[in-house]
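Overview (structure and organization)
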Amino acid sequence: MYLLYGREGWGSALIEAQLEWYCLPYRFERVGDLLADAEARAALARINPLAQVPTLVTAGGEVLAESLAITLWLAETNDSEDWVPLPSERCRGRFLRWLTYCVSTIYPTFTYADIPARFVPMAAAQPGFLASVEGWRNRAWALLEAEASGPWFLGERMSAIDLYIAVMSRWNPRRPWFAEHAPKLHAIATAIDALPPIDAVMARNFPAKG
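**A few points about helix H5 (residues 126-147)**
Across its 22 residues, H5 extends 32 Å between first and last C-alpha, which sits within 8% of the 32 Å expected from 1.5 Å per residue. Residues Gln-126, Val-133, Arg-137, Asn-138, Ala-140, Trp-141, Leu-144 and Glu-145 constitute the buried set of H5. Viewed along the axis of H5, the buried residues span an arc of 160°, placing them on a single side of the element. In H5, the exposed residues that point more than 90 degrees away from the buried face are Arg-139 and Ala-146.

What follows is the structure, encoded as structure tokens:
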């Protein structure tokens, strides 16, 4: 039995979807609002010092963090290439490049914007900082849009990149922006939304459309 620490609508949805896909038994441990609740952060920090979700505890008691690391680990331990191309596949390098891009370039922009005071202490400077982060994020999404093939990001081959697109496009600037400015990514996201058993995970995490 796995133990997944998470919160509805947060990055834990990425790992929840994969646990469901692999038909792995798990328990979802809902954490408090880590952005606003110091007590919730302290409680999770006892397991993961960064107090971030997703945090996954394996049946053997090993604590895993960082969604990219968990994604690769789950694929390897389940001997599956469903979400992660095998080293022998030609798309493996492109997969690693752009999945890492999602995690290292786009994902941090949400961290910057969640509590800007952590990065820009002066209140007067925070609106400009947030505007810069938003602009940077939108340009990063535009680059990913330009690289997308179809029907999936890698072409005919579905991968974890598609799952990341589906979950992260639920956050700012949200799906209507993608429909207008990144139609290929929007099509990928909606296709993942409808894919069993991912559809149930998305419905639990993002009950409101948009």
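On we go from here.
**Observations concerning helix H4 (residues 92-114)**
Between the first and last C-alpha of H4 there are 32 Å, a value that for 23 residues agrees with the 33 Å anticipated at 1.5 Å per step. Bending of H4 peaks at approximately 30° at the position of Tyr-107, with proline Pro-108 no more than four residues after it. Where H4 is concerned, the buried positions are Phe-95, Trp-98, Leu-99, Tyr-101, Cys-102, Ile-106, Tyr-107, Pro-108, Thr-109 and Phe-110. In this fold, the buried residues of H4 make contact with helix H1 (12-21), helix H3 (67-77), H5 and helix H6 (160-168).

**Some words on the pattern of salt bridges**
Applying the stated criterion across every chain yields a total of seven salt bridges. The salt bridge partner of Glu-89 is Arg-157, with a shortest N-O separation of 2.9 Å. Within this pair, whereas Glu-89 is found in the loop between H3 and H4, its partner Arg-157 is found in the loop between H5 and H6, the two being separated by 68 residues in sequence. Assessed through its relative accessible area of 23%, Glu-89 is described here as partly exposed. Between Asp-193 and Arg-170 there is a salt bridge whose closest N-O contact spans 3.0 Å. With a gap of 23 residues between them, Asp-193 in helix H8 (residues 183-193) and Arg-170 in the loop between H6 and helix H7 (174-181) connect regions that are remote in the sequence.

**What about the pairing of strand E1 (residues 2-6)?**
Burial runs high along E1: five of the five residues are buried. Here E1 shows a buried face lined by Tyr-2, Leu-4 and Gly-6 and a second buried face lined by Leu-3 and Tyr-5. Pairing analysis gives five bridges linking E1 to strand E2 (residues 26-30), with the strands arranged parallel. Among the inter-strand pairings, Leu-4 is bridged to a residue of E2, identified as Phe-28. Considered for its hand, the β-α-β crossover made up of E1, H1 and E2 is right-handed. Bridging between E1 and strand E3 (residues 55-57) involves three bridges; their strand directions are antiparallel. When the bridges of E3 are listed, Leu-4 appears paired with Leu-56.

Rules used throughout
- Residues numbered from 1 in each chain as written.
- Predicted model: local features only at pLDDT ≥ 70, side-chain atom pairs only at ≥ 80, totals over all residues.
- Heavy atoms only, no water.
- Helix = DSSP H or I, 4+ residues; strand = E, 2+ residues; numbered from the N terminus.
- Expected span 1.5 Å × (residues − 1).
- Buried < 20%, exposed > 50% of the residue type's maximum accessible area, 1.4 Å probe, protein only.
- Arc of directions from axis to C-beta.
- Bend = angle between axes of the 7 residues up to and from the residue.
- Contact = heavy atoms within 4.5 Å.
- Salt bridge = Lys/Arg side-chain N within 4 Å of Asp/Glu carboxyl O.
- Pairing = 2+ DSSP bridges.
- Right-handed = clockwise from strand over helix to strand, strands pointing away.

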